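Commentary on secondary and tertiary structure
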Amino acid sequence: MNSVTKSWVCTACRRKTSASLASRIPRYSTVASRHDRPFRMAVIGSGPAGFYTAYRVMSKVPKTKVDMFEALPVPYGLVRFGVAPDHPEVKNCQEKFEEVASSPDFTFIGNVSIGNTGGHFGGCTIPLASVLRHYDAVVFAYGASHDKKLGIPGESELHGIYSAREFVGWYNGLPEYANLAPDLTKGDEAVIVGQGNVALDVARMLLENVDVLRKSDITEAAIETLLKSRIKRVHVVGRRGPMQAAFTIKEVRELMKLQGVGFHDIDMSLIPDEISKLPRARRRLMDIMVKGSATRIDDAKKSWSLDFCLSPTEFVGRTEGSVENTVFERTSLSSPFDPASSVIGTGERLTIPSSIVFRSIGYKSVALPGFDEAGISFNDRKGVIENDGMGRVMRIQSHERSAQHPGSHLPGVYCAGWVKRGPTGVIASTMEDAFSTGDAIASDWNSEAPFLHGESSAGWEALRAGVEHGKHKVIQWEGWQKIDKAEKERGLLVGKEREKLTSTAEMIAAAS
């Protein structure tokens, strides 16, 4: 483990428990034999939260052996499929993850889903109960794979309305959305509902010069679609104002600097008179929005705007069933310059032409099959696993327990990342969050707290026989390295770092 024990930080930086399963899970490891054998930990999910948690525990608990399960044949999660292709520096953390994976105490188990069968593309599935039986600890770090919805008329019925997650996954080569085929030729105006950083990433992809994007690892299919795009005007719409906006300086600045792209003036009544007296980060953000783009609107080939105080109420379609307009209600802020201001509707309506719409109002995690039986408490409303703030997973409470008697955590069961705290923050904040979970695991193990210990703690060795006798192929790290090599060779043919494989069949073939 010498390659990862040095300190490093990424540069970019519901119900009662089933009696049958419960009778097996509570046999926890004993103190007497704990430190005489390896500590076996399963990590479900191979994105930043999973890798950072693995690193932290491996560096703090001697004899740790980590098995990392990933539903796709390839690792890195959000780093590979969520980071904008023109932000390659954010992906530098992959080098650090490779250090973790190079340890003989680390096993990558790709193309293997835990619990989920639906939506798993050609891989195999292991029941959660089986995993819990063969490890000292299990860490859930599988992120947020669903979207929040607006719940307004037309959203589900009309074509041309996409979630930002679908669009981002499509241009980043996520197999689930390889065939999304968004039509950017219906008209010249696009609406993005939401004003977070992902919304600005979508806007930038629609407005950026395609020749600039060619040099990135965006898929060639996305390049071909963007070349045909007729989009000239992008509205990034939010229900609150600039002082309450969720986007950050870097993303706004990049849009302002796009060559040949103009920015429409914002409503100055929503900007404080004395910007200089604001806290530094908010002051810089207001300055950028007031200053605007390098290209004047009159000289711009394309343009965009931040449309504040608008809440969508309805999507209106063409006769053939595609979206044509988005209807908004104007909103009013109780205190426009207060970042925590509340917002109410005014009843006034505004219609914005929208030949295509992207919904960017947040991601959401969902519970894995088997959570109820294992006694794992999941908050469906918040989309998170209930935990103590340090990643210790809380036990489902029986109906007899009252709110005055909070539950205990499940020994040996932990969570990290978005499924722990919700889909917020950047990779650096995910690292800090994962480290806190790793520290909790190390503290619990070293303090001789109870852990999982069922039939055995043999880990992957106890599970692999049943999996490998099936028809689906397990992809381990060596297989991922072959996929990585194949993608880089494909990239050389088109003059960029890599051209991603966008189907699991292609990935598995490359790994063979």
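Residues numbered from 1 in each chain as written. Predicted model: local features only at pLDDT ≥ 70, side-chain atom pairs only at ≥ 80, totals over all residues. Heavy atoms only, no water.

**Let's talk about the sheet that holds strand β12 (residues 302-307)**
Strands sit in the order β8-β16-β9-β10-β12-β11 across an open sheet of 6 strands; the sheet is parallel. Sheet topology places β8 (161-163) and β11 (261-263) at the edges, where each strand pairs with a single neighbour. Here the strands of the sheet are splayed against their neighbours by 20° on average, with no regard to which way each runs. (Pairing = 2+ DSSP bridges. Helix = DSSP H or I, 4+ residues; strand = E, 2+ residues; numbered from the N terminus. Axes fitted to C-alpha atoms, helices over the stretch in contact; angles between N-to-C directions.)

**Quick word on the confidence of the model for the protein chain**
Averaged over the protein chain, the pLDDT score is 89; the fraction of residues at 70 or greater is 89%. Predicted confidence for residues 2-32 stays below pLDDT 50, and this span has 73 contacts to residues more than four positions away or in other chains. Residue range residues 399-405 is modelled with pLDDT below 50. Its contacts to residues more than four positions away, or to other chains, number 4 contacts. (pLDDT = per-residue confidence, 0-100. Contact = heavy atoms within 4.5 Å.)

**A closer look at the layout of surface pockets**
Remark: the empty space left among the atoms is shown by a probe the size of a water molecule rolled over them. Taken as a whole, the second largest pocket encloses approximately 400 Å³ of empty space. Forming the walls of the second largest pocket are 19 residues, and the residues nearest its centre are K91, Q94, D217, E497 and R498. For the lining of the second largest pocket, the secondary-structure elements that each account for two or more residues are α5 (78-81), α6 (93-101) and α18 (477-493). Its residues assigned to classes, the lining of the second largest pocket shows 5 nonpolar, 3 polar and 11 charged. (1 Å grid on protein atoms, 1.4 Å probe; cavity = no way out; pocket = protein on both sides within 12 Å on 5 of 7 lines; lining within 4 Å. Points joined across faces, edges and corners; volume = space filled by probe spheres on them. Nonpolar A, V, L, I, M, F, W, Y, C, P; charged D, E, K, R; others polar.)

**Let's talk about helix α4 (residues 48-60)**
Given a rise of 1.5 Å per residue, 13 residues ought to cover 18 Å, and the 18 Å separating the end C-alpha atoms of α4 matches this to within 8%. Summarising burial for α4: 11 of the 13 residues are buried, a large majority. Residues P48, A49, G50, F51, Y52, T53, A54, Y55, R56, V57 and M58 constitute the buried set of α4. (Expected span 1.5 Å × (residues − 1). Buried < 20%, exposed > 50% of the residue type's maximum accessible area, 1.4 Å probe, protein only.)

**Details of the packing of aromatic side chains**
Summed over the entire model, instances satisfying the criterion amount to 27 aromatic pairs. Both rings, one in F106 and one in W477, keep their centres 6.4 Å apart while their planes meet at 90°; by these two values the pair is edge-to-face. With F106 in strand β3 (residues 106-110) and W477 in helix α18, this residue pair connects regions lying 371 residues apart in the sequence. The residues F106 and W477 share a single accessibility class, namely buried. Each ring, one from F167 and one from F358, has its centre 4.5 Å from the other, and the planes form 50°; the classification is tilted. Taken together, the residues span a long stretch of sequence, with F167 in helix α8 (residues 164-171) and F358 in strand β16 (residues 356-359) at a distance of 191 residues. (Phe/Tyr/Trp six-rings, centres within 6.5 Å; stacked < 30°, edge-to-face > 60°.)

**Considering the pairing of strand β1 (residues 39-44)**
A large share of β1 lies buried, amounting to 6 of its 6 residues. Residues of β1 alternate between two faces, with F39, M41 and V43 on one and R40, A42 and I44 on the opposite face, all of them buried. Bridge analysis of β1 against strand β2 (residues 64-70) gives 6 bridges, and the strand direction is parallel. What sits directly across from M41, in β2, is V66. With α4 bridging β1 and the parallel β2, this β-α-β connection has right-handed handedness. (Right-handed = clockwise from strand over helix to strand, strands pointing away.)

**As for the side chain of E487**
The topology assignment puts E487 in helix α18. The exposure class of E487 is buried, given its relative accessible area of 0%. There is a polar contact of 2.5 Å between the side chain of E487 and the side chain of R80. Excluding residues within four positions of it along the chain, E487 makes contact with R80, W480, R498, E499, K500 and L501. (Polar contact = N/O pair within 3.5 Å; in protein donor to acceptor, adjacent residues only side chain to side chain.)

**So, unusual backbone geometry**
Despite not being glycine, N111 shows a phi value in the positive range, around 70°. Structurally, N111 is set in the loop between β3 and β4 (112-114). Of note, E448 is a non-glycine position whose phi angle comes to about 65°, a positive value. Secondary-structure assignment places E448 in the loop between α16 (427-446) and α17 (460-468).

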